Amino acid sequence: MGTDMDKYLEKAEVLIEALPYIQRFNRRIIVVKYGGSAMVDETLKKQVIQDVTLLKLVGFKPIIVHGGGKEISRWVGKVGMEPHFINGLRVTDADTMEIAEMVLNKVNKSLVQMVQELGVKAVGISGKDGGLLTVEKRYSDGQDIGFVGEITDVNPKVLYDLLEKDFLPIVCPIGLDKAFNTYNINADDAACAIAKAVNAEKLAFLTDIEGVYKDPEDKSTLISELTIDDAHALIDEGFIGGGMLPKLNNCIDAIDNGVSRVHIMDGRIPHCLLLEIFTNRGIGTAILSKGEGRYYNGDK
């Protein structure tokens, strides 16, 4: 009996630990950028959706912005085309753009379905809907990479309307230019732009890495918390490279434009979102705006 009671008390302590975070972020907007392995593994996918649904049910206002790069590559291969990248950006000709839009919309509606199976109303949209994302053609070091868009404007009205009506918006990163041509958008860029536009309290990136390392070769150098100044210093001193550099620059940009905190976490860890947002230790890297601190019990 004692062991059972200990288990129950441990569960109660976990719930109480979450209380100040629930109070702090109640009715606040949280943007979750969903991508990587957590989108491919069915068990992880279900756990991420459970996490976001729980955030919604305890009073947060989550918005999911998802990618689908691995799925797009799979379908491009299925039709006998070769995926081609320049500087990490997918070269997107008209045929690839058509496949990308179909795949992203398929992914989008599957996420809507999963959320609604858990009893929460969700609406899937793309950046085309309501003029959400306006883009211009993006180049990579002067090279033409096709229908890849750089976001020039975000009109968040459709998102505010959905949140007000108690829907959970799920956004796929497709946008239109001023001539109404369709463009694929990097999902990190879309999440960052949307977080800025809706004055999100938090922006969470689910990735395939544990967080930000001072030395990527040394797992003991994981940094659990960074200020904006710390992030700039790491970049200036050459510690950040590869795919983490644009991601960290996105984080800095989001915080410079009003987002209070950005989380980079390993989406391969079950329920990573809940662990990072609701526990005092956290599991990834939190990047904080000036004056922001971690909360309670010596701060997270």
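Look up a bit, the structure's there.
Residues numbered from 1 in each chain as written. Predicted model: local features only at pLDDT ≥ 70, side-chain atom pairs only at ≥ 80, totals over all residues. Heavy atoms only, no water.

J.: Even after reading the chapter, I still don't get helix 2 (residues 42-57), so can you show me in this structure?
T.: Three- or four-residue spacings in an α-helix give side chains the same orientation, since the helix completes a turn every 3.6 residues. Here helix 2 spans 22 Å end to end across 16 residues, near enough to the 22 Å set by a 1.5 Å rise per residue. Those residues of helix 2 that fall on the buried side of the exposure criterion are L44, K45, Q47, V48, I49, D51, V52, T53, L55 and K56. For helix 2, the side-chain oxygen to backbone nitrogen distance between the N-cap and T43 is 2.9 Å, and the N-cap itself is D41. Where helix 2 terminates, the next one or two residues include G59, which has phi positive at roughly 110°. (Helix = DSSP H or I, 4+ residues; strand = E, 2+ residues; numbered from the N terminus. Expected span 1.5 Å × (residues − 1). Buried < 20%, exposed > 50% of the residue type's maximum accessible area, 1.4 Å probe, protein only. Polar contact = N/O pair within 3.5 Å; in protein donor to acceptor, adjacent residues only side chain to side chain.)

J.: In this structure, what is going on with the side chain of D188? I would like to understand it.
T.: By the secondary structure assignment, D188 is in helix 6 (residues 187-197). Excluding its chain neighbours within four sequence positions, the residues that come into contact with D188 are K33, F205, K247 and N250. (Contact = heavy atoms within 4.5 Å.)

J.: When you look at the packing of aromatic side chains in this model, what are you seeing that I'm missing?
T.: Note on aromatic pairs: each is described by the distance of the centres and the angle between the planes. Inspection of every chain in the model, using the stated rule, returns three aromatic pairs. Note on F25 and F60: the rings are 6.1 Å apart at their centroids and 50° apart in plane angle, and the pair reads as tilted. Of the two residues, F25 sits in helix 1 (residues 2-25) while F60 sits in the loop between helix 2 and strand 2 (61-66), which places them 35 residues apart along the sequence. An aromatic cluster is present here, built from F25, F60 and F278 joined pairwise through their rings. A cation over a ring is seen here: K78 above W75, with NZ or CZ 4.0 Å from the ring centre. Here K137 stacks its cationic end above the ring of Y139, 5.7 Å away from the centre of that ring. (Phe/Tyr/Trp six-rings, centres within 6.5 Å; stacked < 30°, edge-to-face > 60°. Lys NZ or Arg CZ within 6 Å of the ring centre and 35° of its normal.)

J.: Would you take a moment to explain the nonpolar core for this structure?
T.: Taken as a class, soluble globular proteins show a tendency for nonpolar side chains to be buried jointly. V31, I63, L203, V212 and V262 are the most contacted members of the largest nonpolar core, which totals 42 residues. The contacts of V262, once residues within four sequence positions are left out, are L203, F205, C251, A254, I255, T285, A286 and I287. Core analysis: the next-biggest nonpolar cluster, separate from the first, contains 41 residues, L44, I49, V103 and M114 among them. (Core = buried A, V, L, I, M, F, W, Y, C linked by side-chain atoms within 4.5 Å.)

J.: I'm lost on the pattern of salt bridges in this one. Help?
T.: Two side chains that carry opposite charge are able to pair once their charged atoms sit near each other. With the rule as written, the count across this model stands at 15 salt bridges. The closest approach of N and O atoms between E71 and R74, which form a salt bridge, is 2.9 Å. Residue E71 and its partner R74 are located together in helix 3 (residues 69-78), separated by three residues, close to a single helical turn. Of the charged contacts, one joins E101 and K128 as a salt bridge, the two residues approaching to 2.8 Å between their closest N and O atoms. Here E101, found in helix 4 (residues 94-117), pairs with K128, found in the loop between strand 5 (122-126) and strand 6 (133-140); they are 27 residues apart in sequence, far enough to count as distant. Classification of K128 as partly exposed rests on a relative accessible area of 26%. Connected through shared salt-bridge partners, R24, R28 and E201 make up one network. (Salt bridge = Lys/Arg side-chain N within 4 Å of Asp/Glu carboxyl O.)

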